[in-house]
Amino acid sequence: MKGTDNYYVSERITNIKELEGYIEASHLIILSLVKRIEDGNVSEISDVKEVLLEIDEILKKAYRFEFCIERRKSVSKIWIIQTIQALAMLILGISVLVR
């Protein structure tokens, strides 16, 4: 039996972890700053400005981030799927007859 080729295309972002790293770093720095403010460990506005500039640099990297997308093309033979489906129906039919 000759089968027909079916092509499936899948895509994934290969470098998403890098973007997640920028977001996580910014979040942790903000949490650290909030904790310092709550504890009274920020003596001058320049301390806050320095931290905000650090966050700004990280978020600029996130904003300019370029996704790297990997595309894969897979081949599947339709007749294999049809054969499996036919066998499943045959098995189900036999189990119904046996009851």
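The structure contained in this document is the topic of the report that follows. These numbers were taken from a predicted model, which means no experiment stands behind them. (Residues numbered from 1 in each chain as written. Predicted model: local features only at pLDDT ≥ 70, side-chain atom pairs only at ≥ 80, totals over all residues. Heavy atoms only, no water.)

Attention now moves to the overall build of the chain. Across its full length, the chain carries 3 helices and 2 strands. A fraction of 87% describes how many contacts in the chain between residues 6 or more apart in sequence connect residues 24 or more apart. Split by element, the accessible area of the chain, about 8500 Å² in all, is 61% carbon and sulfur. (Helix = DSSP H or I, 4+ residues; strand = E, 2+ residues; numbered from the N terminus. Contact = heavy atoms within 4.5 Å. Areas by Shrake-Rupley, 256 points an atom, 1.4 Å probe, with all protein chains shown as cover.)

Below, the discussion takes up the environment of Asp-47. Of note, Asp-47 is situated in helix H2 (residues 45-63). The spacing of Asp-47 and Leu-33 is 14 residues in sequence and 9.3 Å in space, taken between C-alpha atoms. Once residues lying within four places of it in the same chain are set aside, the contact partners of Asp-47 are Arg-36 and Val-42.

On to the pattern of salt bridges. If you walk through the whole model with that rule in mind, you get 7 salt bridges. The partner of Arg-12 in a salt bridge is Glu-70, and the shortest N-O contact between them spans 3.1 Å. Of this pair, Arg-12 sits in strand S1 (residues 5-13) while Glu-70 sits in strand S2 (residues 69-77), and the two are 58 residues apart along the sequence. In this structure Glu-70 comes out as partly exposed when scored by relative accessible area, which is 24%. (Salt bridge = Lys/Arg side-chain N within 4 Å of Asp/Glu carboxyl O. Buried < 20%, exposed > 50% of the residue type's maximum accessible area, 1.4 Å probe, protein only.)

Applying the stated criterion across every chain yields a total of 2 aromatic pairs. An angle of 80° between the planes, with centres 6.5 Å apart, marks the rings of Tyr-22 and Phe-65 as edge-to-face. Here Tyr-22, found in helix H1 (residues 16-39), pairs with Phe-65, found in the loop between H2 and S2; they are 43 residues apart in sequence, far enough to count as distant. We classify Tyr-22 as buried; its relative accessible area is 18%. Look at Phe-65 and you get buried, because its relative accessible area is 12%. (Phe/Tyr/Trp six-rings, centres within 6.5 Å; stacked < 30°, edge-to-face > 60°.)

Over its 19 residues, H2 extends 26 Å from the first C-alpha to the last, a length consistent with the 27 Å expected when each residue adds 1.5 Å. For H2, every residue scored as buried is listed here: Val-48, Val-51, Ile-55, Ile-58 and Ala-62. Taken end-on, H2 shows its buried residues confined to a sector of 90°, consistent with a single buried face. In H2, the exposed positions angled more than 90 degrees off the buried face are occupied by Ile-45, Lys-49, Glu-50 and Tyr-63. Buried residues along H2 sit in contact with H1. (Expected span 1.5 Å × (residues − 1). Arc of directions from axis to C-beta.)

All right, on to a nonpolar patch on the surface then. Where nonpolar side chains cluster on the molecular surface, the patch consists of Ile-13, Phe-67 and Ile-69 and spans about 280 Å² of accessible area. Turning to its location among the elements, Phe-67 is positioned in the loop between H2 and S2. Residue class for Phe-67 comes out partly exposed when judged on its relative accessible area of 47%. (Patch = residues over 30% accessible without salt bridge, like charges linked within 9 Å, V, L, I, M, F, W, Y side chains within 5 Å.)

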